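Survey of secondary and tertiary structure
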Amino acid sequence: KLLAKLLLEKFQTLGNIICADAQQLCQFKDVKDSTLALFKLIRAGNNAILRRDLISQPIFATRGKMMDYCFSILGRERKESFHILFLDAKLHLLLDKKMGDGTINKVSLYPREIIHKALELGATSMVLIHNHPSGDARPSEQDILITQQLRDVGKTLSLELSDHIIISRTGAVSMMQEGHLK
């Protein structure tokens, strides 16, 4: 009980505790390897449940669940990371693939690798997802540029870019809803 109380004082929420990195958690003397493994298992289980919900029906029919999933995998990350949700013709999730890890404010993305993976899977649509650890989910000029480049390349291959969602710890921005995918 004491450890739980201390962790909640430091991290504020159970979600923040579960997503904290090992270095942060090991600052508490009662956190053991088994504690770290349990937190990792809980996080992976939660992500698997949310991903299963996305597979069972069209992804945009469950936009709230899609956003929950996106926040679960990226909302509390301390470095930028880029995922692609590859979708089939009925907009069911084929694969969530991490395509890049970066620094606190930058991640490299390789359009050629993304297109190659989409063609390999037989995907007809994709959703880009990445995070902004700064807390500001607004797209940067680079975010807008890469989104438009992937949209244009995808069009020539009958591969639709359905959305680019930017996640932060305080919210999310859909670039489709913001008008950047017209």
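It should be noted that the structure appears before, not after, this text.
These lines cover the structure that appears in this document, whether it is placed above or below. On a predicted model such as this, the values are computed, not experimentally measured, just so you know.

1. Describing the overall build of the protein
A tally of regular secondary structure across the protein gives seven helices and five strands. Reading the protein from its N terminus to its C terminus gives the helix and strand order α-α-α-α-α-β-β-α-β-α-β-β. For 182 residues, the compact-globule formula gives about 16 Å, and the C-alpha radius of gyration of the protein, at 17 Å, lands near that figure. Along the first, second and third principal axes, the C-alpha set of the protein runs to 60 × 35 × 25 Å. The 182 residues of the protein split such that 45% are buried. If you take every contact in the protein between residues at least 6 apart in sequence, the share linking residues at least 24 apart comes to 62%. With 25 positive and 20 negative side-chain charges, the protein shows a separation of 4 Å between the mean positions of the two kinds.

2. A look at the packing of helix α6 (residues 111–121) against helix α7 (residues 141–156)
Two quantities define a packed helix pair, namely the angle between the axes and the distance from one axis to the other. Close contact between α6 and α7 brings their axes to 11 Å; oriented N to C, the two are set at 40 degrees. In terms of their interaxial angle, α6 and α7 are classed as oblique. Crossing of α6 against α7: the hand is right-handed. In contact with Pro-111, Ile-114 and Ile-115 of α6, α7 contributes Ile-146, Leu-150 and Val-153. Of the residues contributing to the contact of α6 with α7, the split by class is six nonpolar, no polar and no charged.

Reading the values: the criteria
- Residues numbered from 1 in each chain as written.
- Predicted model: local features only at pLDDT ≥ 70, side-chain atom pairs only at ≥ 80, totals over all residues.
- Heavy atoms only, no water.
- Helix = DSSP H or I, 4+ residues; strand = E, 2+ residues; numbered from the N terminus.
- Rg over C-alpha atoms; globule rule 2.2 N^0.38 Å.
- Buried < 20%, exposed > 50% of the residue type's maximum accessible area, 1.4 Å probe, protein only.
- Contact = heavy atoms within 4.5 Å.
- Lys, Arg positive; Asp, Glu negative; His and termini not counted.
- Charge placed at Lys NZ, Arg CZ, Asp CG, Glu CD.
- Axes fitted to C-alpha atoms, helices over the stretch in contact; angles between N-to-C directions.
- Parallel < 35°, antiparallel > 145°, perpendicular 65-115°, else oblique.
- Left-handed = near helix turned anticlockwise from the far one by under 90°.
- Nonpolar A, V, L, I, M, F, W, Y, C, P; charged D, E, K, R; others polar.

None of the figures reported here should be taken as evidence of function without further support.
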